[in-house]
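# Per-entry structural report
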Amino acid sequence: MTTELIEIGTVPEAWTRTDLLDLESLTAEEITLILDTAEMFREATDGCTRRLSVLSGRTVANLFFENSTRTRTSFALAARRLGADTVDFSSSGSSLSKGETFIDTAKNIEAMGVDAVVVRHRTPGTPYLLAQNLQCSVLNAGDGPHEHPTQGLLDILTIRQQRKEIAGLTVALVGDIAHSRTARSNIWGLKKLGAHVIVCGPSTLVSRAWEELGVEVAYNLDEILPRCDVLNLLRIQFERQAMRPFPSVREYAHLYAMNGQRMAKAKDSILIMAPGPINRGVEVTPEVADGPHSVILHQVSNGLAVRMAVLWLLLGAAHRGEY
Amino acid sequence: MTTELIEIGTVPEAWTRTDLLDLESLTAEEITLILDTAEMFREATDGCTRRLSVLSGRTVANLFFENSTRTRTSFALAARRLGADTVDFSSSGSSLSKGETFIDTAKNIEAMGVDAVVVRHRTPGTPYLLAQNLQCSVLNAGDGPHEHPTQGLLDILTIRQQRKEIAGLTVALVGDIAHSRTARSNIWGLKKLGAHVIVCGPSTLVSRAWEELGVEVAYNLDEILPRCDVLNLLRIQFERQAMRPFPSVREYAHLYAMNGQRMAKAKDSILIMAPGPINRGVEVTPEVADGPHSVILHQVSNGLAVRMAVLWLLLGAAHRGEY
Amino acid sequence: MTTELIEIGTVPEAWTRTDLLDLESLTAEEITLILDTAEMFREATDGCTRRLSVLSGRTVANLFFENSTRTRTSFALAARRLGADTVDFSSSGSSLSKGETFIDTAKNIEAMGVDAVVVRHRTPGTPYLLAQNLQCSVLNAGDGPHEHPTQGLLDILTIRQQRKEIAGLTVALVGDIAHSRTARSNIWGLKKLGAHVIVCGPSTLVSRAWEELGVEVAYNLDEILPRCDVLNLLRIQFERQAMRPFPSVREYAHLYAMNGQRMAKAKDSILIMAPGPINRGVEVTPEVADGPHSVILHQVSNGLAVRMAVLWLLLGAAHRGEY
């Protein structure tokens, strides 16, 4: 049960980015390179040789100003599986409560020898502000309703594994589009790779303005369902909503929940995805969430692989020539 | 000061379990194998070569829904001392607050590539529920008042180290038996290895029904004391008791605290144990807790060795043939 | 990107301490040895070989009873960069809430195989109490307003890097001297190495009694400023003050904040330091904090090197001859 050294090689010259702030600014080629790298890490870390040392001596800091055990842990595991050390800075207990500015906190963390900062913040644009002020790599782990690029990437990787090709697929994002950074990152990534994207939900959560991003806007799930290759069921984020955007949870589930009845009207090959944590009975019923079309837990596993890929690419580009 | 690779060998074929849920279902042979393995790890990790790599590449997750820095840390240190990576999921900050079910949370953690989940929960049976739903190994770190198998094992290991043999010993568990998972795990383990077990405490905390488990029930510590080889002084768990089961702490201490006066009436070779954290002056006085008969801190050290043994056995059986 | 084994050698025979409780009891030679060792680690861990294994198999526990993400993380990173394992015990969630004494908690942590305890506590003298009761190494990470030796060391290291020699320099500590353990540790360390130290601030925060430590006491920053080689701007610790020791923050800033106007009256070579977290606009203006004379972020980086040096020296002396 020993750790063998896998031949990972060096980061391709084509990759030059040292920050991952969004999918909007990435090219299709860059997205594809991340997905291919994630596949490589999935294979390299399967079985008994699951810990690599390609980032040995590097330190990755989690800087989460919003609660998220899951994403935080996924990034930490990804970093350590590459041999890096990790440190965790939560919002509570930080020096912010002692009157320090956000940038000063981040610069202090960087000065401790940190090579990459993974940041989650409720304010859109925070990762850009950090990237401008820090020399180390910055990874956006969710900035308010703006973007959550690694979630977009892991969703797209999951689709690609099942369908081989993204181009030509019809992917519907269903639910709370207005508050969803996952929706935005999925839209940018899927469009760049040639998918047709539909956003679908109650009109209080899905605006016509989304058409400007080149996506189809729909309010009736049953109408679009027969055309869909993939459904990505976004969580109703009760905690983000000052007022309920629909009369009742039951009403929402009646109109938008994926259940057995709706599955019967879908393509035989339909993929059911959900970024989680899922509200069973709200956006998806247990029979569908646990059914044969569901790839929900594949998404979680792919999250690890995608984050390994991104960390390796960013730090490889940042320290190219040093080794 | 380098880490040498100790020859640990492979998990014995006789060991086939991949979960540790209780001591009730273990055989005497299985318990003995765990204790022997723990002794081996104590020796292997003494001195300068205290970090092994037998679980390198494996990940162990702590999933504690009740506060316990101590047990949580002991499991984490044990895992890392075997070369495994560890992740920590506390109840606060988890996705449970976002409406996710307990099983979904656990499946998500598993999907991140976790090989073993160490769970503590106030509801008896939770570890069984997890074991049915997860493919990875599940370790019970305490399920309400039901069982706490590694605590039972470390207590028994501590006795065996001092007395060589468990069979024939008289061991009294004193105090808050009703709320004690430690009592239950000790009873199952000690009985299987041939000890005579007495449970002793106020009638509000010790029911006659315990006789059904084959133990002696006593209400007067002074009467049984001269017969005892070992006293395990259970903590009065003030935080678990809706109403006080005795008139006053002073009254309890008067009847059940081990103090110098009582020590004078005990066997010369008596062992004083306490699972801790101890309330000095309640179940044990400082002179006894810090005296020559006390093996309280040995218990803590043995906790580490027992948890290393259990993790190694369970994961070895789970991945037999993979390496 | 592999980890090479750096030849660090063994801890010099001249170093015999196994605890670091204060700078008051250290000799000038011992302080110099720590600073030299810190410089060695800075070089050894620069670039690609930033993780050593000199403390492999050792475990360092953080035992912080006061909030401090920064210092806690700096110690943890330092320990792991030397190859040690780390564990974290915070005050909340600890067994103290279950009625255990402080010493029992610490002895339990030690019994888990911990080699060094890093302690922060609001009560002066706590680290001494621990050192008397534990066999493992104890490091003071701040005991109330008493001392914070690694902060003193990192401040002095930062000055030495810039000025080569401490002897003969005039160093002013400005601000909240009364509540500052950083001030005390700086004073002891700087005096031993031959610096002239001035403490300067409002009379409510700076008592004449400081003269007994052999330092100059001043109340007017503008008067002493032209003589100073270094200014260490202590944070106004609003959270420690029951009553405001000055009429208003604006008044304080008017009299003591380092700003561009004051910089014009200072020596060309003046160093601006601040232990952080800084209150911008209170003790220092942004133009000065981010200006060319500021070494504030150097202090943070040196914190890591100093803590590596101290951990290596203490554990090397504690386990001399074992390897």
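Residues numbered from 1 in each chain as written. Chains lettered and ligands numbered in written order. Predicted model: local features only at pLDDT ≥ 70, side-chain atom pairs only at ≥ 80, totals over all residues.

### A short note on the sheet that holds strand E5 (residues 170-174) of chain B
Residue and element names in this part refer to chain B. Taken in spatial order, the five strands line up as E7-E6-E5-E8-E9 in an open sheet, and their pairing is parallel. The open sheet has two edge strands with one neighbour each: strand E7 (216-218) and strand E9 (271-273). Adjacent strand axes in the sheet meet at a mean angle of 20 degrees when their direction is disregarded. Note: strand E6 (residues 196-200) against E7, three bridges, orientation parallel. The residue of E7 that forms the bridge with Ile-198 is Glu-216. The strands that helix H5 (residues 149-163) touches are strand E8 (230-233) and E9; relative to E9, the one it contacts most, it runs at about 160 degrees. (Pairing = 2+ DSSP bridges. Helix = DSSP H or I, 4+ residues; strand = E, 2+ residues; numbered from the N terminus. Axes fitted to C-alpha atoms, helices over the stretch in contact; angles between N-to-C directions. Contact = placed C-beta atoms within 7 Å.)

### Looking at the domain arrangement of chain A
Residue and element names in this part refer to chain A. Under the domain assignment, chain A is made up of domain 1 (28-148 + 301-318) and domain 2 (150-296). Computed over C-alpha atoms, the centres of domain 1 and domain 2 are 26 Å apart. Residue-level contacts link 18 residues of domain 1 with 18 residues of domain 2. Mapped by element, the contributors of at least two residues to the side of domain 1 that touches domain 2 are helix H1 (28-44), strand E4 (137-143) and helix H11 (296-318). The class makeup of the residues in the side of domain 1 that touches domain 2 is nine nonpolar, six polar and three charged. (Domains from an automatic or database assignment. Nonpolar A, V, L, I, M, F, W, Y, C, P; charged D, E, K, R; others polar.)

### Let's talk about helix H6 (residues 181-192) of chain C
All names here are of chain C. Helix length check: H6 (12 residues) gives 17 Å between terminal C-alpha atoms against 16 Å at 1.5 Å per residue, within 8%. Where burial is concerned, most of H6 is hidden: 10 out of the 12 residues are buried. Close packing links the buried residues of H6 with helix H1 (28-44), strand E4 (137-143), helix H5 (149-163), strand E5 (170-174), strand E6 (196-200) and strand E8 (230-233). Once H6 finishes, Gly-194 follows within two positions and takes phi at roughly 95 degrees, a positive value. (Expected span 1.5 Å × (residues − 1). Buried ≥ 20, exposed ≤ 12 C-beta atoms within 10 Å, placed from the backbone.)

### A look at the packing of helix H2 (residues 69-81) of chain B against helix H11 (residues 296-318) of chain B
Residues and elements named next belong to chain B. Direction vectors running N to C along H2 and H11 enclose 55 degrees, while the axes themselves pass 8 Å from each other. As summarised for this structure, H2 and H11 are arranged oblique, according to the angle between their axes. By crossing handedness, the relation of H2 to H11 is classed as right-handed. In contact with Ser-74, Phe-75, Leu-77, Ala-78, Ala-79 and Arg-81 of H2, H11 contributes Gly-303, Leu-304, Arg-307, Met-308 and Leu-311. Residue composition of the contact of H2 with H11, grouped by class: seven nonpolar, two polar and two charged. (Parallel < 35°, antiparallel > 145°, perpendicular 65-115°, else oblique. Left-handed = near helix turned anticlockwise from the far one by under 90°.)

### What about unusual backbone geometry?
Residues and elements named next belong to chain B. For the bond from Gly-276 to Pro-277, the omega torsion is -10 degrees, close enough to zero to count as cis. Examined against the element boundaries, Pro-277 turns out to sit in the loop between E9 and helix H10 (286-289). If you check the backbone angles, Lys-164 has positive phi at about 70 degrees while not being a glycine. Within the secondary structure, Lys-164 is located in the loop between H5 and E5. A tally of 7 C-beta atoms within 10 Å means that Lys-164 is categorised as exposed.

### Considering the nonpolar core
Judged by nonpolar contacts, the single largest core of 308 residues is most densely connected at Val117(A), Leu311(A), Val117(B), Leu311(B), Val117(C) and Leu311(C). In contact with Val117(C), not counting residues within four places along its chain, are Ala61(C), Leu63(C), Ala106(C), Ile109(C), Leu130(C), Leu134(C), Cys136(C) and Val138(C). (Core = buried A, V, L, I, M, F, W, Y, C linked by C-beta atoms within 7 Å.)

### Comments concerning the environment of Trp312(A)
All names here are of chain A. Looking at where Trp-312 falls in the secondary structure, it is placed in helix H11. With 27 C-beta atoms counted inside 10 Å, the residue Trp-312 sits in the buried group. It is 20 Å that separates the C-alpha atoms of Trp-312 and Thr-158, two residues lying 154 residues apart in sequence. Ignoring any residue separated from it by four or fewer positions in sequence, one finds Trp-312 in contact with Val-11, Thr-37, Val-54, Leu-55 and Leu-82.

### Quick word on the sheet that holds E6(C)
In a beta sheet, neighbouring strands are held together by backbone hydrogen bonds and run either parallel or antiparallel to one another. Residue and element names in this part refer to chain C. Read from one edge of the open sheet, five strands run E7-E6-E5-E8-E9, paired in parallel fashion. Every other strand in the sheet has two partners, leaving strand E7 (216-218) and strand E9 (271-273) as the edge strands with one partner each. Neighbour-to-neighbour, the strand axes of this sheet turn through a mean angle of 20 degrees, independent of strand direction. As paired strands, E8 and E9 are joined by three bridges and run parallel to one another. In the sheet register, Asn-232 faces E9, and the bridge partner there is Met-273. Here H6 sits on the sheet and contacts E5, E6 and E8; the angle it forms with E6, its principal contact strand, is near 160 degrees.

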